[in-house]
Structure formats: C-alpha cells, structure tokens
Amino acid sequence: MTPADADRELDMVIVGAGFAGLYMLHNAHGLGLRAEVIERGDGVGGTWYWNRYPGARCDVPSMEYSFGFDHQLEQEWEWTEKYATQAEILAYVEHVADRFDLRADITLSTTVEACRFDDSTGRWVVTASDGVTRVARFVVMATGCLSAANVPDIEGRDGFAGRTFHTGRWPHEGVDFSGRRVAVIGTGSSAVQSIPFIAAEADQVSVFQRTATWAVPAHNEPLDLAAVAEIKADYANWRQKARDSSSAFGGYYPRREVSALDADEAELAEQYDERWEVGGLSFLRAYNDLLLDERANATAAAYIRGKIAELVDDPETAALLSPDTIVGCKRLCVDTDYYATFNRPNVRLIDVSSDPIERIDAAGPVVGGMLHEVDDIVFATGFDAMTGALERIAIEGRGGRPLRDAWSAGPVTYLGLQVAGFPNLFTITGPGSPSVLTNMIASIEQHVEWITDAIVALDAGGFRTIEPADEAQDRWVGYVNEIANHTLFHGCSSWYLGANVPGKPRVFMPLPGFPEYRAVCEQIVADDYRGFVRN
Ligand code: NAP
C-alpha cells in the first residue's frame, strides 16, 4: 500500500472519539486540516460510552470534569450533581459533538487495526476494520488510558454456563440482576461503585477480593445553584486554580502544605474528619506528605481503618476489608455505601488474597477447592492501562519498527506526547505525562493545545515532521522515574505500574505533578522545541 493507493487522503487521523478525540478534531478544524476521527464504539464518549455499569459516575467534581476551552459551553451546560453520572457525562459529550459540528468527521463502529509510517513519503498509512485505507500526515492517538479491558485468564473462564460481564464493556440495554446469584471479581473503583447497586437488586452477591481497597465517601449531592452561579461568574480563575494544583482539580479545596508528621493525634483526627465529611479525593490532600512518607501515610491508613470498623458490623468482615497497604498507592476509591453494603444479609466477602480463584467451573468460581455457585459473573477487573489500547493497534514507525518492540521493556516517550522513531504521531495523555494522576479533562486540554501549537510551529518553520530525539526521550524517561521514586507509588502492585497484567513490564507510567509538567512543556516550546527533531 502506498499513499497513491489510499482510499482517503487526510491531514490528520484521530483514533478515538472520547473527550480527547473530540477536542483534537475541533482544533484540527480550527487549523483548517482535513481530519477524521475513527471510533470503535457505536457512539462518541470513549470511557463514558463503555462504562455503563450500575452506579458509574465520575469521582472528579462535575464543575471541574468538563471542558474549559470554550466560555459559552461552560456557561450554558448545567450539571445537576456534585459528581456526574455516566449518563449525564455521556449527554455532555454528545452535546459537545453537536455544538462544535464534529459528527460529520467521525466514523463510528470502526476499529483502527494498523498505523504504518511510510518512510518514502513521510506519511502515515492507517488501516481499519471498514476496509478503508487513510493516508495522513499526522496521527493522534486519543485512545484513552483505561480503555483496553483486562479480563483475567482464569482457567475455565469461557466454560462458565451463566452470563459474564466486564464493567468496562457493559451492555447498553442494562442488566437485570433480580433473582440472581452474582459473583463480582475485583474491588477497585468500578467494583466499589457497582457492588452497592448490584446488591440492592440481586438475590445474593459474592465479592471476590484479592486486595482490600481504600475507599473514602463521595457524599454526592445535588449541586447548589448559588454555588454554581458563583463558580460560573469566575470560571476561568477557578479552572486556573485547579490547573495549578498537582492533580489538576480541587484547587478550591487545596492541599495543605503541612506534614502529617507535625500534627498531634487530635489535629490529625480533626483534619481527617473534616476531609471525610467533605468527601472525595481531597482526603489525600489533607497533608502534603501522604504520598511521600510511609509514616505520614500510616496516619491516614489508621483513620480509614477506624472508619471501616465503625461502618461494617461483622468484625471479621471489617478486618478483611481493611487494607494493610499504602493509602493512594493504588488509586483511592470514592464510594457511596460500599462498606455498609457488607452488612446486607445477601452480600458476602470471599478472600482470594492467598488462595486465588483456581478455576471457573460451569457453575461458578472455585476457591480452595470450594465451588461458589452463581448465575452471573461480573469482572470488575480493570484495564491494561495506558499502553494497552496503543499496543493493541499494530503501530509501526520509521523502518517498520513496531511500537510494541520500542516499548518491550515498558513505555518510553518524550513528555508522554511522542515516541522517538514515530514522527508526527502524538499520544494524548500518554505514559510519561500526568494523565491518570490528574483530572483527565485538564490533561487532555493541555495536550491537545500543545499538539495544536506544535503543528502551527511546524508549518511556520517550513518543517514536515516532528519527533523526539533519542537522548531527550532517554532523559525524560529517567526524569519520570526519578520523580516517581520520591513517592510511595512503588509500594504496591498497581495498574499505574502495569502490575495488574501478567507479563507486563513494571514501569511507573504516569508522572506526578501537573503544574511542574505544564511548565516543562511550555519551556521546551520556548526553547524552540528543545529535544524534538523537526525536518
Ligand atoms: P482496578 O482498579 O484495576 O481494579 C481491578 C480489581 O480487580 C482489583 O481489585 C484487582 O485486584 C482485581 N482483580 C484483577 N484480576 C483479578 C483476579 N485474577 N482475581 C481476583 N481479583 C482480580 O480496575 P477498575 O476498578 O475498573 O478501575 C480502574 C481505574 O479506572 C480506577 O483506578 C480509576 O482510575 C478509573 N475509574 C474511575 C472511576 C470514577 O471516576 N469513579 C470509576 C471506575 C474506574 P488487585 O488489586 O489484587 O490487583
């Protein structure tokens, strides 16, 4: 296949129609580029299209988990709750697609299979499941960090006689669990949100827990109209405050620049009580060293363990639900009635920490030789995060080098935006950028705007291609490791490290610190794209 044989000539192919793909398309229109979004789902929305499990909602407040690039959009859209449901976020994404006239350039129900860089023409050849070959100067991977579902390869899985579901591939028509015995495998964010809903409907729920999770209450509530009006009157400043905080949200409830180790017991209790009452991820911002110092972290751990003991009636179940790990090392969960759900007579907790699920029989999971008979299995088992969606596409850069080879020892990027040897290919919220440690929308906006500016600068300078220099990429990988090494993130087997997928190289993939990262990105541009090679 050469560009001459192409079915469609474009300037830019964008893979994925979630928040990232839609904003990239909008900006491509602004640049006058011929751009097309290719999306595997039958609709737009990305993660919010797929994750329709009961109870799914965002745990970043809705006033922040929304686009800030368009003043009119943020003024006219009305969120109804502090934390928006999946349905409300999907409605918002649909609205964005219509409002900015994006649909004509989005091809749905189509999977990108391969992206190959043609050395002779300097263009990308993109093949997809619709049989159409696109040739484009730029490829933007807007494939999401948590989009490649991870279903563990447990022996006998496919021979289960009942229904199986993955939280990230939930049937659009919904699932009726009434009268059913349901196994839920996993206790991460998706499980924590869905278990209370499934338990309210099903006859019996068996939760298979490999690692106990830390959860803090959401305290979701309807949005107060006066508070919303106040935010909207000063939205730009409000968003800037968020961007200036390390996770790109919660600027209005910022991290206290105080060490937990300097607080006495009464102060700790007061501070954690306050954060517990506010609810949500701001809990981890009570002190500035909770993710840096194990002794500081232990104060938060002791507090939450105390709460679990208060909330769960049966002491044995409470003990099993109480983690002995670092709070926030795996992503902190935000719950509504998760712990209290274990007080229901129809819910039981099955510990598979030392005795894993050995196989799945036709009738249900088997643990320690004991069959747990169920009608349905819900895999709340997460994702092949950050790299999975990219590596499932056959991406080949210069000289036909597969991305999978370039990343065989773990992902390497420059700024999380580009990979050496893959010119004009951009990865929105790629590994090596703050991405999943932040409010994703803020990170997406920053990346899309950086890519947009890079293309303008490329054309203004008369260049055709941009890609990282090897040395700059090596330095960046070293820098990301060094920053991560100062944190407690290496202290557990998280998906941040790829530890949830057997055989995946263990590399801490995101970069802590959004404001510092933004400053580096800006400085690199000011230094005439330092570390990038432009030809
Ligand atoms: P996850 O955090 O990776 O949790 C997966 C769960 O499945 C873990 O408890 C894991 O146990 C368990 N598991 C995996 N394989 C297993 C096996 N073979 N046997 C037993 N247990 C097994 O996935 P997730 O809950 O879908 O969440 C992923 C991320 O998506 C979150 O961290 C968050 O960033 C995002 N998310 C956000 C929201 C929100 O905004 N509210 C909601 C859902 C998801 P181990 O811990 O032992 O590995």
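The structure presented is a predicted model; accordingly, all values stated were derived computationally and were not measured.

Definitions and cut-offs
- Residues numbered from 1 in each chain as written.
- Predicted model: local features only at pLDDT ≥ 70, side-chain atom pairs only at ≥ 80, totals over all residues.
- Heavy atoms only, no water.
- Helix = DSSP H or I, 4+ residues; strand = E, 2+ residues; numbered from the N terminus.
- Rg over C-alpha atoms; globule rule 2.2 N^0.38 Å.
- Contact = heavy atoms within 4.5 Å.
- Areas by Shrake-Rupley, 256 points an atom, 1.4 Å probe, with all protein chains shown as cover.
- Lys, Arg positive; Asp, Glu negative; His and termini not counted.
- Charge placed at Lys NZ, Arg CZ, Asp CG, Glu CD.
- Buried < 20%, exposed > 50% of the residue type's maximum accessible area, 1.4 Å probe, protein only.
- Arc of directions from axis to C-beta.
- Core = buried A, V, L, I, M, F, W, Y, C linked by side-chain atoms within 4.5 Å.
- Pairing = 2+ DSSP bridges.
- Axes fitted to C-alpha atoms, helices over the stretch in contact; angles between N-to-C directions.
- Phe/Tyr/Trp six-rings, centres within 6.5 Å; stacked < 30°, edge-to-face > 60°.
- Lys NZ or Arg CZ within 6 Å of the ring centre and 35° of its normal.
- Patch = residues over 30% accessible without salt bridge, like charges linked within 9 Å, V, L, I, M, F, W, Y side chains within 5 Å.
- Salt bridge = Lys/Arg side-chain N within 4 Å of Asp/Glu carboxyl O.
- Near = heavy atom within 4 Å.
- Polar contact = N/O pair within 3.5 Å; in protein donor to acceptor, adjacent residues only side chain to side chain.

### Considerations on the overall build of the protein
In step 1: A tally of helices and strands in the protein yields 16 helices and 20 strands.
In step 2: Relative to its length of 535 residues, the protein is compact, with a C-alpha radius of gyration of 23 Å against a globular reference of 24 Å.
In step 3: Over its C-alpha atoms, taken along the principal directions, the protein stretches across nearly 70 × 55 × 45 Å.
In step 4: In the protein, of all internal contacts separated by at least 6 residues, the share reaching a separation of at least 24 is 71%.
In step 5: Looking at the protein as shown, the accessible area adds up to about 21,100 Å², and 49% of this sits on carbon and sulfur atoms.
In step 6: Between the mean site of the 45 positive side-chain charges and the mean site of the 78 negative ones, the protein shows a separation of 3 Å.

### Considering the environment of A200
In step 1: As for its placement among the helices and strands, A200 is situated in helix 5 (residues 189-201).
In step 2: With relative accessibility at 55%, the residue A200 sits in the exposed group.
In step 3: As a C-alpha pair, A200 and H95 span 105 residues in sequence and 32 Å in three-dimensional space.

### As for helix 6 (residues 225-233)
Helical geometry: 3.6 residues make up each α-helical turn, so side chains three or four residues apart lie on a common side.
In step 1: When helix 6 is considered as a whole, its buried residues turn out to be V228, I231 and K232. Along the axis of helix 6, the buried positions cluster into a sector of 95°, meaning they face one direction only. Turned more than 90 degrees away from the buried face of helix 6, the exposed residues are A226, E230 and A233.
In step 2: In this structure, the buried side of helix 6 is in contact with helix 3 (71-76) and helix 7 (235-243).

### Some words on the nonpolar core
In step 1: In terms of nonpolar packing, the biggest core is built from 129 residues, with M12, F19, Y272, L415 and W450 touching the most fellow members.
In step 2: Residues within four places of Y272 in sequence aside, it is in contact with A260, F283, A286, Y287, L290, A296, T299, A300 and Y303.
In step 3: Counting residues in each nonpolar core, the second largest holds 21 residues, with V15, L403, W407 and V419 among its members.

### As for the sheet that holds strand 8 (residues 181-185)
In step 1: Pairing is parallel in the open sheet, where 5 strands are placed in the order 7-16-8-9-12. The open sheet has two edge strands with one neighbour each: strand 7 (163-166) and strand 12 (347-351). Across this sheet, the average inter-strand angle for adjacent strands is 20°, counted without regard to direction.
In step 2: Note that strand 7 and strand 16 (residues 376-379) share 4 bridges and pair parallel. Along strand 16, the bridge assignment pairs F165 with V378.
In step 3: Across the face of the sheet, helix 5 comes into contact with strand 8, strand 9 (204-209), strand 12 and strand 16 while running at roughly 175° to strand 8.

### Here we look at the packing of aromatic side chains
In step 1: Going through the model one piece at a time under the given rule, you end up with 38 aromatic pairs.
In step 2: Between Y23 and F67, the aromatic rings sit 5.6 Å apart at their centres with planes inclined by 50°, giving tilted as the arrangement. Placement of the pair is Y23 in helix 1 (residues 19-30) and F67 in the loop between helix 2 (47-50) and helix 3, with a sequence separation of 44 residues. The same class applies to Y23 as to F67, namely buried.
In step 3: One Lys or Arg, R169, reaches over the ring of W50 and ends 4.6 Å from the middle of that ring.
In step 4: Between the NZ or CZ atom of R285 and the centre of the ring of F249, over which it lies, the distance is 5.1 Å.

### Observations regarding the side chain of D11
In step 1: If you trace the backbone, D11 turns up in strand 1 (residues 8-15).
In step 2: Excluding residues within four positions of it along the chain, D11 makes contact with G32, L33, R34, A136, R137 and F138.

### Notes on the sheet that holds strand 15 (residues 370-371)
In step 1: Strand order in this open sheet of 3 strands is 13-14-15, and the pairing throughout is antiparallel. Two strands close off the open sheet at either side, each with one partner strand: strand 13 (357-361) and strand 15.
In step 2: Sheet topology places strand 14 (residues 364-367) next to strand 15; 2 bridges connect them, and they run antiparallel. Along strand 15, the bridge assignment pairs V366 with L371.

### Thoughts on a negative patch on the surface
In step 1: Among the surface-exposed residues, D262, D264, E265, E267, E270, D273, E274 and E277 lie close enough to one another that they form a single negatively charged patch.
In step 2: Relative to the assigned elements, E277 resides in helix 8 (residues 265-278).

### Here's the deal with the site of the ligand
In step 1: Close to the ligand lie 22 residues, the nearest being T187, S190, T211, K330 and R331.
In step 2: Take Q193: an N or O atom from its side chain is 3.0 Å from a nitrogen atom of the ligand.
In step 3: Interatomic distance of 2.4 Å between a side-chain N/O atom of T211 and an oxygen atom of the ligand.
In step 4: In isolation the ligand has 910 Å² of accessible area, and contact with the protein removes 87% of it.

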